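The chain contents come next:
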Amino acid sequence: MEKCNCGYCPTIIVPGIGQSKVDLYSSANERIKCAWPIDIEAKPLVKKLIPSAIGMLITKNDKPFCKKLKNAVSDAVSALRVNKEGVSTENLHIVDYDGRSLKNCKPDDKRYIYKMVPMETLAEVIGEDHLYFFAYNSFGQPYETAERLDSYIQNVKKETGHSKVNLIPVSLGGSIATAYFDAYGEKNDVNRVCYFVPAANGSTLIADVFSKNLDLSNPYALLQMFLDSDTIKTMEKLLKKLGEATAEHIVEALIDGILETFLKNCPGMWAVIPHEKYEEFRDKYISGEEYKVLRAKTDRFFSAQSNLRQLLKKIESQGTEFFAVCGYGLPLLPIAGTKNLNSDSIVDFKSASLGGTAAAVGEKLPEDYKAVYDGCKNENHNHVSPDGTVDLSTSVFPDSVFCFKKQVHDDTAYNDVALLLCKEILTNEKFTDVYSDERFPQFNGTRDVFRIKYRLLPKVDDLLKKDLPADIKDALLKSVDEVNAMFNNTIIKDRTEADEITKRFDAAVNKAEEV
């Protein structure tokens, strides 16, 4: 293909853990079901457990039931089973959309991709023919995935006529990016990287799962990650009859089933353990001779992750520019045993900010705290947040990391300012750091416009075609103006404003629908 002179590098999204689909196929290569995201069939699972549950109620002995539960959970997630060499035992096929750009994806596939990573504003500038979604097996092998990503990049370059690409590593995609830069970074194929809530140094939440350092005071918070609401209600009734100790044993059995079936042997999940904790867990879980092959894979990633600062600086010296968008100011999910760690509820701030420093949630950095300036050498720059809770001077790239206070990890996809920022980074060569545009300060607030964007605004055009009473129509138009004014304001104090505007917009739409 001839060289493209559009002025915009093609951009490849490297999605997070729940955003790529993987299907289970038979030995005859016939599709059986979706293996990931996992969909546990709750009714058959409960049916298997009923006899043991009745026995437990009668005998007050939970051991047989927990054993049955562990085996049942293992069966339920067996499509993701990984052997002791870190290789999937099942015939899994990645739903990869044949490597097509968003422009050439089927409508349903395009809707799914935008639902996972809403980069429509970016596509409006660079064109859907320059936007790609790199699908992969979240429970695969990082370096195998990195090899696929390298091939994917070569195909995108050839297809678009560009010599370089941009990358958006999202969440777990941050780990894939580490493996890619470690193995293929010297090819110098990447123009800009915009990390989006990346697990660049894993997540303490995953480490807590591996170490079983979990808060089981509310077991339902954990169960709801895997089971539907009706099944949880059934489990809740059962657990209340059995007492707190038995509830903990049951949740531990659930974790054991998942750990032993695929987590413990999965290189992709070892890549999400913070490197500071890796050697402890390696010696605990995969120290035997039978794990020699797996250990070589996880050790390789550990080496790259431990030296991430040097690795990224080396890639930067070749001309690649790095940016990151992350959240801070929230504890990990309630199930985590590690409390008050500064995070976006899923990923540690230190990990997502590429090395930033943070006080515990609810606390501030010491009054006599002085910025370290490990990553930033310009002491005229102030990279401490206005609330005095985090410091980015220790980040690998302190001048190009943007933070949103109390931004929930998954909801960052519905923070319109974060998405606009990502678009600006990847389309404007003059946008080089946190000082480039006052509309996008280094520290900002948070908001969630999911309901406005996907539930309310799509209804407005049809509602305005109706013969509405003047007062209801005026109220609807006023709400639309208020929403547009909010979208035009990129400086956020906190999410209160967006929540109140959503409430008023909801009321205006509901009244218009009643007519």
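Scroll up for the structure.
Everything in this summary refers to the structure shown in the same document.

Glancing now at the sheet that holds strand 8 (residues 321–328). What links the strands of a sheet is backbone hydrogen bonding, and the strands pair in either a parallel or an antiparallel sense. One open sheet holds the 7 strands; their spatial order is 5-1-6-7-8-11-12, and the pairing between them is parallel. The two strands at the open ends of the sheet, each matched to only one other strand, are strand 5 (131–133) and strand 12 (443–444). Pairing of strand 11 (residues 401–405) with strand 12, which is carried by 2 bridges, proceeds in the parallel orientation. If you follow Phe 404 over to strand 12, its bridge partner there is Asn 444. Here helix 6 (residues 173–184) sits on the sheet and contacts strand 1 (11–14), strand 6 (165–169), strand 7 (190–196) and strand 8; the angle it forms with strand 7, its principal contact strand, is near 150 degrees.

Put simply, helix 18 (residues 470–488) and helix 19 (residues 496–514) touch, their axes get as near as 9 Å, and they point 155 degrees apart. Here helix 18 lies roughly antiparallel to helix 19, going by the angle between them. Considering how the two elements wind past one another, helix 18 and helix 19 form a crossing that is left-handed. Across the interface between the two elements, Ile 472, Ala 475, Leu 476, Ser 479, Val 480, Glu 482, Val 483 and Met 486 of helix 18 pack against Ala 498, Ile 501, Arg 504, Phe 505, Ala 508, Val 509, Lys 511 and Ala 512 of helix 19. Split by residue class, the contact of helix 18 with helix 19 holds 12 nonpolar, 1 polar and 3 charged.

Bringing the environment of Lys 212 into the picture now. When you line up the elements, Lys 212 lands in the loop between helix 7 (204–211) and helix 8 (219–223). Accessibility expressed as a relative area gives 41% for Lys 212, which makes it partly exposed. Lys 212 sits 40 residues away from Glu 252 along the chain, and the two C-alpha atoms are 7.7 Å apart. Among residues more than four places away in sequence, those in contact with Lys 212 are Ile 255, Asp 256 and Leu 259.

Looking now at the pairing of strand 11. Counting buried positions over the 5 residues of strand 11 gives 4, a clear majority of the element. Bridging between strand 8 and strand 11 involves 5 bridges; their strand directions are parallel. Across the sheet, the residue bridging to Ala 324 is Val 401, located in strand 11. Viewed along the sheet, the connection from strand 11 through helix 16 (residues 416–427) into strand 12 turns out left-handed.

Conventions used here
Residues numbered from 1 in each chain as written. Predicted model: local features only at pLDDT ≥ 70, side-chain atom pairs only at ≥ 80, totals over all residues. Heavy atoms only, no water. Pairing = 2+ DSSP bridges. Helix = DSSP H or I, 4+ residues; strand = E, 2+ residues; numbered from the N terminus. Contact = heavy atoms within 4.5 Å. Axes fitted to C-alpha atoms, helices over the stretch in contact; angles between N-to-C directions. Parallel < 35°, antiparallel > 145°, perpendicular 65-115°, else oblique. Left-handed = near helix turned anticlockwise from the far one by under 90°. Nonpolar A, V, L, I, M, F, W, Y, C, P; charged D, E, K, R; others polar. Buried < 20%, exposed > 50% of the residue type's maximum accessible area, 1.4 Å probe, protein only. Right-handed = clockwise from strand over helix to strand, strands pointing away.

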